[in-house]
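What follows is the residue order along each chain.
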Amino acid sequence: MSDVILVKSDFDRFSEWEDEFRKHDIQAIPWDDMAQHCETVKYALVWQPEPGALASLPNLEVIFSVGAGVDHLKGEGLVPAGIPVVRMVEDSLTAGMVEYIVYNVLRFHREMPVYERDQANQIWKPRVQQSAWGRTAGILGLGVLGSAAAAALRRLKFNVIGWSRTEKQVRGVTSYVGQNQLGIFLQKTEFLVILLPLTDATHGIVNQTLLQQLPRGAFVINAGRGPLVRDQDLLAALDQGQVAAAALDVFNQEPLPPQSPYWKHPAVTITPHVASITLPVTSAHHVADNIQRHREGKPLTHLADLSRGY
Ligand code: NAP
Ligand code: GLV
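In this report, we go over the structure that sits alongside the text. As the structure is a prediction and not an experimental result, all values here were calculated from the model.

**Focus on the sheet that holds strand E3 (residues 43-46)**
- The 5 strands are arranged E2-E1-E3-E4-E5 in an open sheet whose pairing can be described as parallel. In this open sheet, the two edge strands, each paired with only one partner strand, are strand E2 (26-30) and strand E5 (85-86).
- Each of strand E1 (3-8), E2 and E3 is contacted by helix H1 (residues 14-22), which is oriented at about 165° to E2, the strand it contacts most.

The structure is reproduced here in structure tokens:
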């Protein structure tokens, strides 16, 4: 008999997951049918499950997060004690994030928002282009996604530096570590790329103190999580010109409420949490591989540590 995985995904894509899992001899069950299958479910693939739901599955052995981030699984009653949680780490999710970051760094580097405004006003005004190798992109969170974005920006000849909790080896990228080295990292960073996970330690980390340490006129790109940023501090930095422009994919409240000042801010570009999306066709195999490892009693890959928060 094939293994059963309960699926709670976003974008209403159950049939895509079902088709992909079938290729691996795994039976997918939609979240709404949980009650009829709760005894047989060994695996769950979830995005933002309701508190208590996973605890109602007596034979659950592994939880897979639909996303790379696992902050949606942190909270009272969300994950039953002792059940391992596997993060989504797969090439297509990484490639999507690399595209989003490279696109936005290049967009700011090549002054596209300025030329778009000029075009709207029929202004012909050439500006001297700066070279990429004279400019520094700083990646806040040099993990799976941050390291891939850093490597891609290096290939485009930017100076690239990264900040993380532990030291990283990414070819051509200077690694800064911990609170002691955050200041020196920020002083050099003209394009701040935020790819940290949301944890107790990182909540609100992009605040006035941090933003004031960037060179004046820096750019901010947030593809990590909204609550990493204190909105009022970023808006003040934008209004003062300390931050020249921001590309924001994630927000403290999603969907972004109609009254948010970000919507109409001339220096802000908004996308609705789509920097990189998990696609069933490319990521079901990551889940299936781990299920196979679990069947064989091998260690699971890309386990999250919920006590650490990521
Ligand atoms: P990851 O591999 O776990 O990388 C996280 C990085 O952050 C690591 O380098 C880690 O350092 C660092 N870090 C964590 N806490 C820190 C702290 N307190 N101080 C300094 N560095 C810290 O995660 P990932 O796969 O790259 O994903 C990163 C995040 O991207 C996810 O958590 C998610 O929120 C976001 N995301 C967004 C989208 C989107 O569409 N917008 C899509 C996918 C993911 P160490 O390695 O040294 O511990
Ligand atoms: C999306 O936000 C993810 O965490 O993969």
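**Quick look at the side chain of His286**
- Mapped onto the elements, His286 comes out in helix H9 (residues 280-295).
- Assessed through its relative accessible area of 6%, His286 is described here as buried.
- Other than its neighbours up to four places away in sequence, His286 contacts Val86, Arg87, Met88, Val89, Glu90 and His302.

**Some thoughts on H1**
- Within H1, burial applies to Trp17, Glu20 and Phe21. Looking straight down H1, one finds its buried side chains confined to an arc of 95°; they lie on one side.

**Structural notes on the pairing of strand E9 (residues 191-194)**
- Taking every second residue as pointing to the same face, both faces of E9 are buried, with Phe191 and Val193 on one and Leu192 and Ile194 on the other.
- Relative to E9, strand E6 (residues 136-140) runs parallel, the two sharing 4 bridges. Pairing of Ile139 across the sheet is with Val193, part of E9.
- Inspection of the sheet shows E9 paired to strand E10 (residues 218-222) by 4 bridges, in the parallel sense. Considered in E10, the bridge of Ile194 is made with Asn222.

**Some words on the site of ligand 1**
- Neighbouring residues of ligand 1: 28 residues in total, closest Val144, Thr166, Lys168, Asp249 and Tyr310.
- For ligand 1, an oxygen atom lies 3.3 Å from a polar atom in the backbone of Gly224.
- Between Arg225 and ligand 1, the recorded distance is 3.2 Å, taken from a side-chain N or O atom to an oxygen atom.
- Of all elements in the fold, only helix H5 (144-155) and strand E7 (159-164) reach the threshold of two or more residues within the shell around ligand 1.
- Each residue belonging to the shell around ligand 1 can be placed in one class, and the counts come to 14 nonpolar, 9 polar and 5 charged.
- Each of two domains, domain 1 (3-88 + 278-295) and domain 2 (91-270), supplies a minimum of three residues to the shell around ligand 1.

**Examining the side chain of Thr202**
- Along the chain, Thr202 turns up in the loop between E9 and helix H7 (208-212).
- Judged by its relative accessible area of 10%, Thr202 is buried.
- Here Pro197 takes part through its backbone oxygen, which lies 2.7 Å from a polar atom of the side chain of Thr202.
- Filtering out sequence-adjacent residues up to four positions away, Thr202 remains in contact with Leu196, Pro197 and Leu228.

Rules used throughout
- Residues numbered from 1 in each chain as written.
- Chains lettered and ligands numbered in written order.
- Predicted model: local features only at pLDDT ≥ 70, side-chain atom pairs only at ≥ 80, totals over all residues.
- Heavy atoms only, no water.
- Pairing = 2+ DSSP bridges.
- Helix = DSSP H or I, 4+ residues; strand = E, 2+ residues; numbered from the N terminus.
- Contact = heavy atoms within 4.5 Å.
- Axes fitted to C-alpha atoms, helices over the stretch in contact; angles between N-to-C directions.
- Buried < 20%, exposed > 50% of the residue type's maximum accessible area, 1.4 Å probe, protein only.
- Arc of directions from axis to C-beta.
- Near = heavy atom within 4 Å.
- Polar contact = N/O pair within 3.5 Å; in protein donor to acceptor, adjacent residues only side chain to side chain.
- Nonpolar A, V, L, I, M, F, W, Y, C, P; charged D, E, K, R; others polar.
- Domains from an automatic or database assignment.

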